[in-house]
Amino acid sequence: MTGGHHGEPGHWEYERQELFRVLEPIARANLETIQTRMADADVDALIVNRSDNLRYLVGFGPYDSFSLSAEHGAVVTREGEPTFVAAPRLAADLEERHWLEDVVSFSTASATAATTFTAVLEERGVADGVVALDPHMEYRFVRKLEAALPNAQLTDGGDLLFRARTHKSAAEIALIEEGLQIAELAIEAGIDAVEVGARECEVSGTIMDAMISAGAAGAYALPSIVSSGGRWSRCQEFPSQKRIRRGEFVQLDQGPMWKGYYSELARMAFPGTPSDEQRSMYQATFQAHEAAIDAIEPGATGRDVYSAARDVFVEFDYEEWMTDGIIGHGIGVVAHEPPYIGPTQSVTLEANTIVMIEPGLFRRGVAGVRFEDMVLVTESGHEVLSRTPHPDHAKFV
């Protein structure tokens, strides 16, 4: 490996190798978890091809997988290491740089991806078994696999994957917390940029610059969410050229990717003096937010946490304008994943699960209010991981 200044090939190559080194033990532990769950579910093989599931099981990322087509992917069986199926250029790249030892290439000029996957499954002795597929796999590719695997029982691998991904290892939690520090740095920069006359897009650019400059590989929302006044009362999340006015709420929300894992944070800013109605909406949302967090513990369901927030909105007579449906979600190799917090979510929370809590209140033409915090479910209750203070909070109490 040659040396180089920041941005030159030598530096990038070092960063990439370092990323693989960090993600390899995490992916290997995740692989062991998935293989145990496959045995319990009588699944013989699992094919994954979306970027989040590939990061989870083979540590391929963070954004390297943008080079993937729908037909690249990994084959996981109950024992042994995964086999990665890729077009020749990517296969050669993986063989040189990644810890995966079994990389198989295909070429549309000879063997298609579907027939190559079939050959891998046959070599593993599971071509006639139960084969679970990535829940995000393109329909067209599924049809190709059906034709190539006439004796296999193809099934949805979503439940298998998401139940495993819900439980975070200590190493995954550590990476997510590192990323959260970047999220907080970026949101705080955005808060400082909020002033009367500033455009939403300018504040969003400030957040993005702070986040990328701190080392984030990217973000789940491009550009960062900045929305104010009447736009935020309609929950219009992405920034416009609208200028921020005195006396209106400003939503700031972002989630950076750090070493293959996401974090997220949202805060409200308010330049000026709130009206009585704005103060009431803020208090209701803040109390609902706190009530939802307080309800988080092992054994609680997403419905229980939702109900705790809803009860506060009902008390304030704001039920009509509260967020309808999901008010929280898991986070990890993708920004939004199970478990979800909402009125129909019956799955119980478990220790070492991370959830984002964000009940909101949106009254068209008046105001919108929503906060977001990252919460870790612990053995005895919960821990709020995000630390950024709520700006202008003193104006509303």
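Whatever comes next refers back to the structure up there.
Residues numbered from 1 in each chain as written. Predicted model: local features only at pLDDT ≥ 70, side-chain atom pairs only at ≥ 80, totals over all residues. Heavy atoms only, no water.

(A) Structural context of empty space enclosed by the protein. This model, assessed by the stated rule, comprises one cavity of 30 Å³ or more. What the largest cavity holds in volume is close to 30 Å³. If you go around the largest cavity, the residues you meet are Tyr-56, Arg-165, Lys-168, Glu-172, Tyr-261, Val-333 and Glu-337. Its residues assigned to classes, the lining of the largest cavity comprises three nonpolar, no polar and four charged. (1 Å grid on protein atoms, 1.4 Å probe; cavity = no way out; pocket = protein on both sides within 12 Å on 5 of 7 lines; lining within 4 Å. Points joined across faces, edges and corners; volume = space filled by probe spheres on them. Nonpolar A, V, L, I, M, F, W, Y, C, P; charged D, E, K, R; others polar.)

(B) Spotlight on the layout of surface pockets. A volume near 290 Å³ is recorded for the second largest pocket. Lining the second largest pocket are 15 residues, with Arg-163, Thr-166, Pro-338, Pro-339 and Val-347 positioned closest to its centre. Residue assignment for the lining of the second largest pocket shows that the elements contributing at least two residues are α6 (158-166) and β14 (337-341). Within the lining of the second largest pocket, the residues separate by chemical class into six nonpolar, five polar and four charged. (Helix = DSSP H or I, 4+ residues; strand = E, 2+ residues; numbered from the N terminus.)

(C) Structural detail: the sheet that holds strand β12 (residues 265-269). Taking strand neighbours across the sheet as the criterion, the three strands line up as β8-β9-β12 in an open arrangement whose pairing is antiparallel. Since the sheet does not close on itself, it has two edges, and those belong to β8 (225-228) and β12, each with one partner. Within the sheet, the average angular offset between the axes of one strand and its neighbour, ignoring direction, is 10°. Pairing analysis gives five bridges linking strand β9 (residues 250-254) to β12, with the strands arranged antiparallel. Each residue of the ladder has a partner; that of Val-250, found in β12, is Ala-269. Helix α8 (residues 200-213) contacts β8 and β9 of the sheet and is inclined by roughly 155° relative to β8. (Pairing = 2+ DSSP bridges. Axes fitted to C-alpha atoms, helices over the stretch in contact; angles between N-to-C directions. Contact = heavy atoms within 4.5 Å.)

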